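Coordinates in review
As a plain string of letters, each chain reads:
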Amino acid sequence: MNSNSGHDMTGHGAARPGGLSVSEGGYTLELDSTIFTPGVRTVTFRVTGPDGSPVTEFTPEHEKKVHFIAVRRDTTGFQHVHPVMDGKGTWSIDLTLEPGDWRFFADVHPTGHGRTITLGIDASVAGPYDPQPISEGSRSAHVGEYTVTLDGDLLPGTASDLTLTVSRNGRPVTDLQPYLGAYGHLVALRVGDLGYLHVHPDGEPGDGVTEPGPGITFMAAAPSGGVYRLYLDFQHDGVVRTAEFTVRTTAAAPGPDAAPRAASGHTGHHHGGHAHH
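Here we summarise the structure given alongside this text. Note that the structure is predicted; figures quoted are calculated from it, not measured. Throughout, a residue's number is its position along its own chain's written sequence, starting from 1. The predicted origin of the model limits local features to residues at a pLDDT of at least 70 and limits the giving and counting of side-chain atom pairs to 80 or more, whereas totals for whole chains, interfaces and linings rest on all residues. Excluded from the side-chain calculations are hydrogens and water; all other atoms, namely the structure's heavy atoms, are used.

Numbering of helices and strands runs from the N terminus; a helix is a DSSP stretch of H or I covering at least four residues, while a strand is a stretch of E covering at least two. In terms of helices and strands, the chain carries 0 helices and 20 strands. Partly exposed describes any residue whose relative accessible area lies between the buried limit of under 20% and the exposed limit of over 50%, with all areas from a 1.4 Å probe on protein chains only and scaled to the type maximum. Burial analysis of the chain (277 residues in total) assigns 49% to the buried set. Accessible surface area values rest on a Shrake-Rupley calculation with a 1.4 Å probe, where residue burial reflects the displayed protein chains alone. Accessible surface, the chain as shown: approximately 11,700 Å² in total, 51% of it carbon and sulfur.

As structure tokens, this is what we get:
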């Protein structure tokens, strides 16, 4: 989810992960049910405000009022979708759910609140659970005919650039389509607690500078060392696809006069942005 949302990075460029709490700033994520059977299931939820009532007014971020992320706790099954709200503040969305323990995130900007917040809640899907090991780190991901390569390092406490380059059958893709106001959306989750990082793209379609591929550049900062899962959503030929990566943070190598790179002018999100805003 990936937007300039008011999510603060500290003066040292460190990101504060979101989605670790079901409630923040008086706003709470409430599911109608936290237990599901496997298959395509309709998930319904509300975001309640400080007065306990469902919130019905939201400020859109990247063209949507709510970005909803679902991922199994072993980091498989990632889905980034956009629910529909009824007149009373209840949202609904269909998800494809496999047995296991899941984490749902709602990325929202309640109107009148100072910034976007990410709320997270656990859910369980009944059935035999076959947890998958975290994939080894790779600089390339394959999605059908597409290959996405990752350049750059995720640094703890320092904002840095990550560039993802898209090719199709070995040829650079230079006609990526805008998707929710960007050429790509990137969501990063910290392995172990699924802390949700807000990543935002550099530039936007139509700004006269940003090219429609093959490279998409994001600025990101890790709140700590560790392993992170990255999910890139991009649109080409009218289809949104998701490329997944596993990365381990690396220590920055400061120069003699180096100071931590703050995200000057880049507060907040992504995408991830998401797989699918």
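Let us keep going from here.
In this analysis, strands are considered paired if DSSP registers two or more bridges between them. One open sheet accounts for 4 strands, arranged β16-β15-β19-β20; its pairing is antiparallel. Here the strands that pair on one side only, and so sit at the sheet edges, are β16 (196–197) and β20 (239–248). Taken together, the 2 bridges between strand β15 (residues 185–190) and β16 define a ladder with antiparallel strand orientation. Directly across from Ala188, in β16, lies its bridge partner Leu197.

Only Phe, Tyr and Trp rings are paired, with Trp represented by its six-membered ring, and only when their centres lie within 6.5 Å; those with planes under 30 degrees apart are stacked, over 60 edge-to-face, the remainder tilted. As enumerated under the stated definition, the model contains 8 aromatic pairs in all. Ring geometry for Phe58 and Trp91: centres 5.7 Å apart, planes at 70 degrees, overall edge-to-face. Separated by 33 residues along the polypeptide, Phe58 in the loop between β4 (39–48) and β5 (66–72) and Trp91 in strand β8 (residues 91–97) bring together distant segments of the chain. Between Phe105 and Tyr196, the aromatic rings sit 5.2 Å apart at their centres with planes inclined by 40 degrees, giving tilted as the arrangement. Of the two residues, Phe105 sits in strand β9 (residues 100–108) while Tyr196 sits in strand β16, which places them 91 residues apart along the sequence. Note on accessibility: Phe105 and Tyr196 belong to one class, buried. Within the aromatic cluster, the residues linked to one another by ring pairs are Phe36, Phe45, Phe58, Phe68, Trp91 and Phe104.

What follows concerns the sheet that holds strand β3 (residues 35–36). Spatial strand order, β3-β10-β9-β5-β6: 5 strands in an open sheet with mixed pairing. A single partner strand is all that each edge strand has here, and the edge strands are β3 and β6 (79–81). Note: β3 against strand β10 (residues 117–125), 2 bridges, orientation parallel. By the bridge assignment for β10, Phe36 is matched with Val125.

Our focus in this paragraph is the pattern of salt bridges. What counts as a salt bridge is simple: a side-chain nitrogen of Lys or Arg found within 4 Å of a carboxyl oxygen of Asp or Glu. Under the counting rule described, the total for this entry stands at 11 salt bridges. Between Asp122 and Arg103 there is a salt bridge, with the nearest N and O atoms lying 3.0 Å from each other. On the criterion of sequence distance, the pair formed by Asp122 in strand β10 and Arg103 in strand β9 is long-range, its members being 19 residues apart. Asp122 sits in the partly exposed class, given a relative accessible area of 39%. Here Asp193 ties to Arg190 by a salt bridge, and the two come within 2.7 Å at their closest N and O atoms. Residue Arg190 is classed as buried on the basis of its relative accessible area, which comes to 15%. Shared partners join several salt bridges into a network, and the residues in it are Arg16, Glu24 and Arg115.

Of all 9 residues that make up β10, 7 are buried, and the element is covered over most of its length. Pairing analysis gives 9 bridges linking β9 to β10, with the strands arranged antiparallel. Counterpart to Ala106 in the pairing with β10 is Leu119.

With that out of the way, let us pick up the environment of Pro131. Inspection of the secondary structure assignment puts Pro131 in the loop between β10 and β11 (140–143). The sequence separation of Pro131 and Asp101 amounts to 30 residues, and the corresponding C-alpha distance is 9.4 Å. Here a residue-residue contact requires only that any non-hydrogen atoms of the pair lie within 4.5 Å. Residues in contact with Pro131, not counting those within four places in the same chain, are Arg72 and Asp74.

Omega for the peptide link from Gly213 to Pro214 comes to 0 degrees, which places this bond in the cis form. Mapped onto the secondary structure, Pro214 falls in the loop between β17 (200–201) and β18 (215–220). One non-glycine residue, Asn169, adopts positive backbone phi at about 50 degrees. Positive phi values are uncommon outside glycine, yet Leu194 reaches one of about 60 degrees. Relative to the assigned elements, Leu194 resides in the loop between β15 and β16.

So, on to the pairing of β8. Judged by which residues are buried, β8 turns out to be one-sided: Trp91, Ile93, Leu95 and Leu97 face inward and are buried, whereas Ser92, Asp94 and Thr96, on the alternate face, are not. Direction of pairing for β4 relative to β8: antiparallel, over a ladder of 7 bridges. Paired with Val40 across the strands is Thr96, a residue of β8. As consecutive antiparallel partners, strand β7 (residues 84–85) and β8 are separated by 5 residues, and within that stretch Gly89 has a phi angle of approximately 90 degrees, a positive value.

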